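What follows is the residue order along each chain.
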2 protein chains.
Amino acid sequence: MKIGFIGAGRVATHLAQQLQRHYEVVQIYSRDLLHAQKLAFIVNAEAINEFEKINQHLDLLIIAVSDQAIPSVIAQLKQLNFKGLIVHTSGSTHLNVLASSLDRVGIFYPLQTFSYESEINWQQTPLFIEAREKEDTELLNNIAQLLTEKVYQYSSEQRLSLHLAAVFACNFSNYCYDISKQILDQKQVDFSLLYPLILETAKKATMVSPDHAQTGPARRGDQNILHMHQNMLKAENQDNFLDVYSLLSQQILEKYQSNK
Amino acid sequence: MKIGFIGAGRVATHLAQQLQRHYEVVQIYSRDLLHAQKLAFIVNAEAINEFEKINQHLDLLIIAVSDQAIPSVIAQLKQLNFKGLIVHTSGSTHLNVLASSLDRVGIFYPLQTFSYESEINWQQTPLFIEAREKEDTELLNNIAQLLTEKVYQYSSEQRLSLHLAAVFACNFSNYCYDISKQILDQKQVDFSLLYPLILETAKKATMVSPDHAQTGPARRGDQNILHMHQNMLKAENQDNFLDVYSLLSQQILEKYQSNK
């Protein structure tokens, strides 16, 4: 099987190297030819920066570009009358975005944080596949099984929910850490004092459900502490933090009061 | 040195057993005598449920009750004319709350989650001490050093900030996990798929600052995804989650736009 990549960033770099162990990676496209050449050199492929040069005999073309760039890539591919399977690697783009313009389409989405610095533990990485045609789903399933045992055939709707949920569980929890650090910095208190609690809280959410793991003044309905904390944030003019504190405390209060 | 406890809950249970290795734990007070007896039996102390029975020769009396119960305990102790040092173990009660009614007062606050089921790793537990008088600070420091190397002399203001910061870093991040799980439950997607990302996000915040670790659509300024996510939450009538999504995304957007 011959594989090509649109994009030469982090996802493409990790995925191309991994797939090259089993298949022939033939072409790497990037708007920036130097960028394409860098990855092409690693996987022994051809570097291109024009869509017209895409090899018509590729079996699989993998779009690994930022979400914002996907529509313009699709518009270019539409001109080519390409016969192979075209997939994208995004968690947050619906299959229909490809299907409305292209023929054989699918999704190949690894749920993982990719960076240039560290190796990916593929065996521990969930991989979500989806395709319009049944044969293409099977093809993607076969490829995915070579990378990880954790292969899931999810609908676009489920995959998009997973991405939305990850924003809460990861991006927003990190922003809560960030606020926490800013509060401590202002009082010359070392943020590292909270490391054990932060790690324990994350671990606990994977062992009992977060619903049962919830603690804190709002969970206990301790209005004295809630008011004291709000006054502390007011006194420091930390209006943004106060807004977050009030909204989340209110929701936690309501949730556990009505559960009583 | 003779030590007494007001309270026989989780903090008192762990602390009394640990201090008993070095000192004499003489009395355990609880409103509920059976409760007091349970702990008193373990540490070989006297169980009492009347303040008048508190031994006037105790060197140290440790208040380990819920924050809400502290004022009424203080009011009772005020009647006794007790000469020893009185400390509380709360992260969120100012020294002044004791100092306004009592003579020799201090704080002995272990930053840890206590449960009946699991052992405490005292060596890894930060312990915050504070006292009105210098000699009492030294006394508490000596006791604390026997439990952990991580002893900090922090002001009440710093300690209260630490507790406020912990609400963001732990209670609120857990609530974000909870929302995440509810979103997935509704689509029959397994929450455990997010465990690796949750653990990695927590670990990352302890290795690089959360400010640098921030990722996600708001961090990238990806308005398409932000709108799509908001529409998904609207479509499911998840108004509470939408409020959290909108507030946190807006703050992250503003933070990183103005940093550019």
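The structure displayed is predicted, hence computed values, not measured ones.

Once that is clear, we can look at the environment of Leu-139 of chain B. Residues and elements named next belong to chain B. Take Leu-139: it is sitting in helix H5 (residues 134–147). Linking Leu-139 and Ile-129, residues 10 residues apart in sequence, is a C-alpha distance of 10.0 Å. Apart from residues no more than four positions distant in its own chain, Leu-139 is found in contact with Met-1, Leu-85 and Arg-104.

Residues and elements named next belong to chain B. For strand S2 (residues 24–29), the buried fraction is high: 5 of the 6 residues fall into the buried class. Pairing analysis gives 5 bridges linking strand S1 (residues 2–6) to S2, with the strands arranged parallel. Pairing of Ile-3 across the sheet is with Val-25, part of S2. Running through helix H1 (residues 10–19), the crossover from S1 to the neighbouring parallel element S2 is right-handed. Strand direction decides the pairing type here: S2 and strand S3 (residues 46–48), joined by 3 bridges, are parallel. Its bridge partner lying in S3, Ile-28 is registered against Ala-47.

In this section: the relation of the copies chain B and chain A. Relating one copy of the chain to the other takes a rotation about an axis and a shift parallel to that axis. For the match of chain B to chain A, the screw axis carries a shift of 0.0 Å, the RMSD comes to 0.0 Å, and the turn is 180°. Those values place the two copies in the arrangement expected of a two-fold rotation axis. Measuring from the rotation axis to each C-alpha of chain B, the shortest distance belongs to Ser-173 of chain B, at 2.2 Å. Here 100% of the contact residues of chain B are again contact residues in chain A; the copies associate through an equivalent surface.

Between helix H6 (residues 156–186) of chain A and helix H10 (residues 223–235) of chain B, the least distance of the axes is 11 Å, while the angle of their chain directions is 100°. Classed by the angle they form, the pair H6 of chain A and H10 of chain B counts as roughly perpendicular. Residue-level inspection shows Leu-160, Ser-161, His-163, Leu-164, Val-167 and Phe-168 of chain A of H6 of chain A in contact with H10 of chain B, the latter providing Ile-225, Met-228, His-229, Met-232 and Leu-233 of chain B. A breakdown of the residues in the contact of H6 of chain A with H10 of chain B according to their chemical character gives 8 nonpolar, 3 polar and no charged.

Below, the discussion takes up the sheet that holds strand S8 (residues 151–153) of chain B. Backbone-to-backbone hydrogen bonds pair the strands of a sheet. The strands run either parallel or antiparallel. All names here are of chain B. In space, the 8 strands of this open sheet follow the order S3-S2-S1-S4-S5-S6-S7-S8, with mixed pairing throughout. The open sheet has two edge strands, S3 and S8, and neither has a second partner. Between one strand axis and the next, the sheet turns by 25° as a mean value, whatever way the strands run. Sheet topology note: the strand S5 (residues 85–88)/strand S6 (residues 105–110) ladder contains 3 bridges and is parallel. Considered in S6, the bridge of Ile-86 is made with Val-105. Packing against the sheet, helix H2 (residues 33–43) makes contact with S2 and S3, and its axis sits at approximately 165° to S3.

Core analysis: the biggest nonpolar cluster contains 124 residues, and Leu-194 of chain A together with Leu-194 of chain B have the highest contact counts within it. If we skip the residues at most four places from it in the chain, Leu-194 of chain A touches Ser-180 and Leu-184 of chain A together with Leu-111, Leu-162, Ala-165, Ala-166 and Ala-169 of chain B.

Next up on the list: the UniProt feature "domain: DUF2520" (unreviewed entry) in chain A. Following the UniProt record, the feature "domain: DUF2520" (unreviewed entry) maps to residues 126–252 of chain A here. When the span residues 126–252 of chain A is considered, its composition is 72% helix and 6% strand, and the gap between its end C-alpha atoms is 31 Å.

This part is about the interface of chain B and chain A. Tallying the contact residues gives 81 residues for chain B and 81 residues for chain A. Interface of chain B and chain A: buried area, both sides summed, is about 7,600 Å²; carbon and sulfur atoms make up 71% of it. The interface formed by chain B and chain A holds 4 salt bridges in total. The residue Glu-157 of chain B makes a salt bridge to Lys-187 of chain A at a minimum N-O spacing of 3.0 Å. In this assembly, chain B and chain A are joined by 25 residue pairs in polar contact (both at pLDDT 80 or more). Every element with two or more residues in the side of chain B that touches chain A is listed here: helix H6 (156–186), helix H7 (195–205), helix H8 (210–213), helix H9 (217–220), H10 and helix H11 (239–259) of chain B. Tallying contributions element by element places H6 of chain B first for the side of chain B that touches chain A, with 27 residues. Residues belonging to the side of chain B that touches chain A are distributed by class as follows: 45 nonpolar, 22 polar and 14 charged.

Now for the pattern of salt bridges. A complete count under the given rule lists 20 salt bridges over all chains for this structure. Of the charged contacts in the structure, one is a salt bridge between Arg-220 of chain A and Asp-222 of chain A, with a shortest N-O distance of 4.0 Å. Here Lys-255 of chain B makes a salt bridge to Asp-211 of chain B, at a shortest N to O gap of 3.2 Å. Here Lys-255 of chain B is found in helix H11, whereas its partner Asp-211 of chain B is found in helix H8, with 44 residues between them in sequence. Using a relative accessible area of 26% as the deciding quantity, one classes Asp-211 of chain B as partly exposed.

The residues that UniProt annotates with the feature "domain: Pyrroline-5-carboxylate reductase catalytic N-terminal" (unreviewed entry) are residues 2–86 of chain A. Taken end to end, residues 2–86 of chain A is 35% helix and 24% strand, and its first and last C-alpha atoms sit 12 Å apart.

Before going further, it helps to spend a moment on the packing of helix H7 (residues 195–205) of chain A against H6 of chain B. When two helices pack together, you describe them by how their axes are tilted relative to each other and by the distance separating the axes. Two elements in contact, H7 of chain A and H6 of chain B, have axes whose closest approach is 10 Å; the angle formed by their N-to-C orientations is 15°. With respect to their mutual orientation, H7 of chain A and H6 of chain B come out roughly parallel. The hand of the H7 of chain A/H6 of chain B crossing is right-handed. Contacts from Leu-197, Ile-198, Thr-201, Ala-202 and Ala-205 of chain A of H7 of chain A reach H6 of chain B at Ala-166, Ala-169, Cys-170, Ser-173, Asn-174 and Tyr-177 of chain B. Across the contact of H7 of chain A with H6 of chain B, the residue classes break down as 8 nonpolar, 3 polar and no charged.

Another point: H1 of chain B. Along H1 of chain B, 7 of the 10 residues are buried, which leaves the element largely enclosed by surrounding structure. Buried-residue contacts for H1 of chain B involve S1, S2, H2, strand S4 (60–63), S6 and H5 of chain B.

Thresholds applied
Per-chain numbering applies: the sequence of each chain, read as written, is numbered from 1 onward. For naming, the first written chain is A and the first written ligand is 1, with later ones following in the order written. Confidence filtering applies because this is a predicted model: local features only for residues at pLDDT of at least 70, side-chain atom pairs given and counted only at 80 or more, and all residues used for totals across whole chains, interfaces and linings. Side-chain descriptors were evaluated using all non-hydrogen atoms of the structure, hydrogens and water having been removed beforehand. Every helix listed is a DSSP run of H or I at least four residues long, and every strand listed is a run of E at least two residues long, numbered separately from the N terminus. Throughout, a residue-residue contact means that at least one pair of heavy atoms, one from each residue, lies within 4.5 Å. Throughout this description, buried means an accessible area under 20% of the type-specific maximum (1.4 Å probe, protein chains only), exposed means over 50%, and partly exposed covers the range between. Two strands pair under a simple rule: DSSP has to find at least two bridges between them. Orient the strands so they point away from the viewer, and a crossover whose first-strand-to-second-strand path over the helix runs clockwise is right-handed. The copies were overlaid by least squares, fitting only the C-alpha atoms of residues that reach a pLDDT of 70 or more in each copy. For helices, the fitted line uses only the C-alpha atoms of the stretch in contact; every axis is such a line through C-alpha atoms, and the angle between N-to-C directions lies from 0 to 180 degrees. Any angle between 65 and 115 degrees counts as roughly perpendicular, while under 35 counts as roughly parallel, over 145 as roughly antiparallel, and the rest as oblique. Nonpolar residues are Ala, Val, Leu, Ile, Met, Phe, Trp, Tyr, Cys and Pro. Charged residues are Asp, Glu, Lys and Arg, and all others, Gly as well, are polar. Residue types Ala, Val, Leu, Ile, Met, Phe, Trp, Tyr and Cys, when buried and joined through side-chain atoms within 4.5 Å, form a set referred to as a nonpolar core. UniProt positions are given in the numbering used here, feature names are shortened, and annotations may be inferred rather than shown by experiment. Note on definitions: buried area is the accessible-area loss of two parts on being combined, 1.4 Å probe, summed for both. A pair is scored as a salt bridge if a Lys or Arg side-chain nitrogen falls within 4 Å of a carboxyl oxygen belonging to Asp or Glu. In the analysis that follows, any N or O atom pair within 3.5 Å is treated as a polar contact, provided that within protein one partner can donate a hydrogen and the other can accept it, and provided that, for residues neighboring in sequence, both atoms belong to side chains. Crossing handedness: left-handed means the near helix sits turned counterclockwise from the far one by under a right angle, and right-handed means the same turn made clockwise.

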